[in-house]
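# Remarks on the overall topology
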Amino acid sequence: MDAGRIEANLQILSAIRRASGCRILYSMKALPLVPVLECLFALDGVSASSLFEARLARQVLGEGADIHLTTPGLRGHEFAELGDLCSHISFNSLPQFQNLNGLANGYSKGLRVNPKLPFAADRRYDPCRPHSKLGVDISLLDKCLPAGVEGLHFHTMFSGLDFQPLLTVAAVMEGLLRQSPQLKWLNMGGGYLYPQIADAGPLIALIGRLRGEFNIQVYLEPGKALVGNAAYLLTTVLDRFDSDGKTVLVLDTSVNHHPEVFEYGLQPALLEADGEGAEQSAILAGSSCMAGDVFGEYRFRRLPAVGERLVFRDVGAYSLIKASRFNGYNLPDIYMLEADGAHLYRQYGYEDYRRQWDKR
Ligand SMILES: *Cc1c(COP(=O)(O)O)cnc(C)c1O
């Protein structure tokens, strides 16, 4: 984990926060690492998906922080505790709202709205896909909102590199805001890589206008934008051989440490790979039994040898949190890269593996 990168991303988010007057929450599901939560003092809190996330956030951030929660998976028996822990809960469906909202008080009630405007190229990522499970269909809300609802939430993007989809959805949400003067807040979700978007002007203007026109608090809840580019996966080449005329390098990691590689067919960026012009290429494969445990084919000026280090970058979000010990291979050690060097933060061993599978 590169602490300097997180700091730089925080500064970009803080600048948007200052210029627009919005509030910014970290979507902790991307990486709930405690040192990341501890550096959120420049932001307003977190958005959480579950009881465990909400508990961890409250313990680390203390009483003052905002904790927003939305999930299709609210459990009735957990709701009283969630209502105490969270400042805001956005219900995912009208039945979920009706069945649970009264089981606690002291939190602000919202609805996650599904604006039915698809932007994701891959349907598996698309909250607005047909028959979606995420959010109340906006057409069900055109008459009026249920009594007690103070806020609206939407989240429809993944890794967005320009704000056009956000502006489009916000324009549709404005219809609901106009007919509902009781609303106090609008949470516009995550899904944008703010540090990689050169001009935040359209976003800042949108937030300023929504706050002024409707007298509401506006929230953003980025996950990957804060941590995505702030971690590296270091790996060592264990074996090298030819397979049907191509070189295969077996690594001491696997796609089980970075599951989106397999789930979404992504090829993660490798620091040592050369682009065009590099003569040699090799397939980087993980060390598990699964045939599809492959990171992809990479080009090199010189083929890495057994024992050499290779480094994947941009693995901060949705990798470690989804990592498993499949095949009995250990989870990665976690080092914090600070100004004075890398410090070991967490290391797992055989005892942790055994504890997971043995009740003794
Ligand atoms: C996952 C998620 C986020 C964060 O998404 P990023 O793509 O990491 O910015 C924010 N809000 C909700 C509701 C989410 O499900």
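Placed above this text is the structure.
Residues numbered from 1 in each chain as written. Predicted model: local features only at pLDDT ≥ 70, side-chain atom pairs only at ≥ 80, totals over all residues. Heavy atoms only, no water.

### Re the pairing of strand β3 (residues 66-69)
Along any regular strand, the residues point their side chains to alternate faces of the sheet. Here is the rule we go by: The cut-offs for exposure are 20% and 50% of the maximum accessible area for each residue type, with area from a 1.4 Å probe on protein chains only; residues under the lower value are buried, those over the upper are exposed, and the others partly exposed. Secondary structure follows DSSP: runs of H or I at least 4 residues long count as helices, runs of E at least 2 residues long count as strands, and numbering of each begins at the N terminus. Two strands pair if DSSP finds at least two bridges between them. Seen with its strands pointing away from the viewer, a crossover is right-handed when the path leading from the first strand over the helix to the second is clockwise.
Judged by which residues are buried, β3 turns out to be covered on both faces: Asp-66 and His-68 on one side and Ile-67 and Leu-69 on the other are all buried. In the sheet, strand β2 (residues 45-48) pairs with β3 via four bridges, with the strands oriented parallel. Note that in β3 the partner of Ala-48 across the bridge is Leu-69. Between the parallel elements β2 and β3, the chain passes through helix α3 (residues 51-61) in a crossover that is right-handed. As paired elements, β3 and strand β4 (residues 88-91) share two bridges and run parallel to each other. The partner of Leu-69 across the bridge, within β4, is Ile-89. In the classification by handedness, the crossover that spans β3, the intervening helix α4 (residues 79-85) and the parallel β4 is right-handed.

### Things to note about the sheet that holds strand β13 (residues 294-300)
Hydrogen bonding along the main chain pairs the strands of a sheet, whether they run parallel or antiparallel. Defined as follows: Fitted lines through C-alpha atoms give the axes, limited to the stretch in contact for helices. The angle between two N-to-C directions lies from 0 to 180 degrees.
Reading across from one edge, β13-β12-β11-β10-β14 is the order of the five strands in this open sheet, with mixed pairing throughout. Both outer strands of the open sheet, β13 and β14 (309-313), are each paired with one neighbouring strand and no more. Ignoring which end each strand starts from, the neighbouring axes of this sheet average 40° apart. Direction of pairing for strand β11 (residues 246-251) relative to strand β12 (residues 280-285): parallel, over a ladder of four bridges.

### Structural notes on the pattern of salt bridges
Inclusion rule: Think of a salt bridge as a Lys or Arg side-chain nitrogen and an Asp or Glu carboxyl oxygen that are within 4 Å of each other.
Throughout the structure, instances matching the rule amount to 19 salt bridges. With a shortest N-O distance of 2.7 Å, Glu-81 and Arg-55 are connected by a salt bridge. Pair noted here: Glu-81 is in helix α4 and Arg-55 is in helix α3, with a separation of 26 residues, a long-range link. Residue class for Glu-81 comes out partly exposed when judged on its relative accessible area of 31%. Note that Asp-122 and Arg-124 form a salt bridge whose closest N and O atoms lie 2.9 Å from each other. For Asp-122, a relative accessible area of 22% puts it in the partly exposed group. Several salt bridges share partner residues, and in doing so they unite Glu-174, Arg-178, Arg-209 and Glu-213 into one network.

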